[in-house]
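Okay, here's what each chain looks like letter by letter:
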Amino acid sequence: MNSLYIVATPIGNLEDITLRALRVLKEVDVILCEDTRVTQKLLAKYEISAKQLATYNEQESGVTAGKIIQWLGDGKNVALVSDAGTPGISDPGGMLVQKVREALPEVKIESVPGASALTTALSIAGVPVHDFVFLGFLPHKKGRETLFKEIATSERTMVFYESPHRIIKTLESLQEFSPNKRVTIARELTKIHEEIKSGTPVELLEYFSKNPNKVRGEFVVIVS
Ligand code: SAM
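Below, the structure is looked at part by part.

1. Some words on the overall build of the chain
Reasoning step 1: For the chain, the helix and strand inventory stands at eight helices and 10 strands.
Reasoning step 2: Burial status across the chain gives 44% buried among its 224 residues.
Reasoning step 3: Residue pairs at least 24 apart in sequence account for 69% of intrachain contacts in the chain once pairs closer than 6 positions are excluded.
Reasoning step 4: For the chain, the exposed surface amounts to about 11700 Å²; the carbon and sulfur share of it is 50%.
Reasoning step 5: Seen as two clouds, the 27 positive and the 28 negative side-chain charges of the chain have centres 2 Å apart.

2. Some thoughts on the packing of helix H7 (residues 167–177) against helix H8 (residues 201–210)
Reasoning step 1: One way to put it is that H7 packs onto H8 with a least axis distance of 8 Å and a crossing angle of 150°. In terms of axis orientation, H7 runs roughly antiparallel to H8. Two packed elements cross with a definite hand, and for H7 against H8 that hand is left-handed. When H7 is examined against H8, the residues Ile168, Leu171, Glu172, Leu174 and Gln175 are found in contact with a partner set consisting of Pro201, Val202, Leu204, Leu205 and Phe208.
Reasoning step 2: Among the residues making up the contact of H7 with H8, the classes are represented as eight nonpolar, one polar and one charged.

3. A short note on the sheet that holds strand S8 (residues 183–187)
Reasoning step 1: Reading across from one edge, S6-S7-S10-S8-S9 is the order of the five strands in this open sheet, with mixed pairing throughout. The sheet is open, and its two borders are formed by strand S6 (132–137) and strand S9 (195–199), each paired with just one other strand. Between one strand axis and the next, the sheet turns by 15° as a mean value, whatever way the strands run.
Reasoning step 2: Of the strand pairs in this sheet, S8 and strand S10 (residues 219–223) are connected by five bridges, and their pairing is antiparallel. When the sheet's bridge partners are listed, isoleucine 185 is paired in S10 with valine 221.
Reasoning step 3: Sitting on the sheet, H8 touches S8, S9 and S10, and the angle it makes with S9 is about 135°.

4. Quick notes on the pattern of salt bridges
Reasoning step 1: A full pass over the atoms with the stated rule returns 11 salt bridges.
Reasoning step 2: A salt bridge links aspartate 131 to arginine 156, with the nearest nitrogen and oxygen atoms 2.8 Å apart. Taken together, the residues aspartate 131 in the loop between helix H5 (117–125) and S6 and arginine 156 in the loop between helix H6 (144–153) and strand S7 (157–162) connect sequence positions 25 residues apart.
Reasoning step 3: Its relative accessible area of 44% is what places arginine 156 among the partly exposed residues.
Reasoning step 4: Between glutamate 188 and lysine 191 there is a salt bridge, and its shortest N-O distance comes to 3.3 Å.

5. Things to note about the layout of surface pockets
Reasoning step 1: The calculated volume of the largest pocket comes to roughly 480 Å³.
Reasoning step 2: Of the residues belonging to the lining of the largest pocket, the class tally is 11 nonpolar, five polar and seven charged.
Reasoning step 3: When residues of the lining of the largest pocket are sorted by domain, at least three fall in each of domain 1 (3–112) and domain 2 (117–223).
Reasoning step 4: Here the second largest pocket defines a volume of roughly 230 Å³.
Reasoning step 5: Gly12, Leu14, Val38, Lys41 and Asp83 are, among the 13 residues lining the second largest pocket, the residues nearest its centre.
Reasoning step 6: Taken together, the residues of the lining of the second largest pocket break down into seven nonpolar, four polar and two charged.

6. So, H7
Reasoning step 1: Looking at H7, one finds that the buried residues are Ile167, Thr170, Leu171, Ser173 and Leu174. All buried residues of H7 lie within an arc of 160° about the axis, which places them on one face of the element.
Reasoning step 2: On its buried face, H7 sits against H6, S7, S8, H8 and S10.

7. Considering the sheet that holds strand S4 (residues 78–80)
Reasoning step 1: Overall, parallel pairing links the five strands, which are arranged S3-S2-S4-S1-S5 in an open sheet. What marks the edges here is a single partner per strand, and that holds for strand S3 (53–55) and strand S5 (108–112). Going from strand to strand, the sheet's axes swing by 25° on average, the running direction of each strand aside.
Reasoning step 2: When strand S1 (residues 3–7) meets S4, the two strands line up parallel, connected through three bridges. Bridged to tyrosine 5 within S4 is alanine 79.

Thresholds, definitions, all that
- Residues numbered from 1 in each chain as written.
- Predicted model: local features only at pLDDT ≥ 70, side-chain atom pairs only at ≥ 80, totals over all residues.
- Heavy atoms only, no water.
- Helix = DSSP H or I, 4+ residues; strand = E, 2+ residues; numbered from the N terminus.
- Buried < 20%, exposed > 50% of the residue type's maximum accessible area, 1.4 Å probe, protein only.
- Contact = heavy atoms within 4.5 Å.
- Areas by Shrake-Rupley, 256 points an atom, 1.4 Å probe, with all protein chains shown as cover.
- Lys, Arg positive; Asp, Glu negative; His and termini not counted.
- Charge placed at Lys NZ, Arg CZ, Asp CG, Glu CD.
- Axes fitted to C-alpha atoms, helices over the stretch in contact; angles between N-to-C directions.
- Parallel < 35°, antiparallel > 145°, perpendicular 65-115°, else oblique.
- Left-handed = near helix turned anticlockwise from the far one by under 90°.
- Nonpolar A, V, L, I, M, F, W, Y, C, P; charged D, E, K, R; others polar.
- Pairing = 2+ DSSP bridges.
- Salt bridge = Lys/Arg side-chain N within 4 Å of Asp/Glu carboxyl O.
- 1 Å grid on protein atoms, 1.4 Å probe; cavity = no way out; pocket = protein on both sides within 12 Å on 5 of 7 lines; lining within 4 Å.
- Points joined across faces, edges and corners; volume = space filled by probe spheres on them.
- Domains from an automatic or database assignment.
- Arc of directions from axis to C-beta.

Below, the structure written as structure tokens:
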């Protein structure tokens, strides 16, 4: 029986990949990725020469789910990776899994777990995480204010992904809606400039305005 493997890859430090992930990437007939340049870098580090590397992104470009289903139907083994972390977590993957499960119930869909910015951030945040709500990326317009109101009233830890272009705007909204909440910013996890910074929204705004060079990289925001 052939498989579709959903393979987690590093979120920065290229050593953060499992032995099983490396074996699967070596063995499969096709590796589906978001950006071939990003995945090639990982494959090169581990001297893996992919039999076939194809782009899949759930949008117009790249191979379609139909083509992937055809490959799987022909008995090929296929692995899906994203640029970083776990596929399907704010990344392509979920729709493909659903379509393959519907079209080819006999194909095994196997998880090859590993890094995710979500769990990595929570593991070193030092905040209560016995339960939390993950919001993915916040919407830019519609529904944004409603979410900030929800964050303000939630008794659970709320976690979301943010880009460097919007982090200041987001902290300003947190200042408006949740001025007394504790906010933890996990930046550049597993990379050279990894940093965890906590404080009230106003304290963090002050920190980033004094250190504009830190308004860079990748961010996970945790509101507790
Ligand atoms: N699938 C990925 C995962 O499992 O973490 C997430 C992909 S999502 C498109 C990318 C976002 O994840 C970034 O904008 C950032 O918010 C977060 N992220 C990814 N790598 C990160 C890192 N090394 N440090 C902090 N946040 C990171």
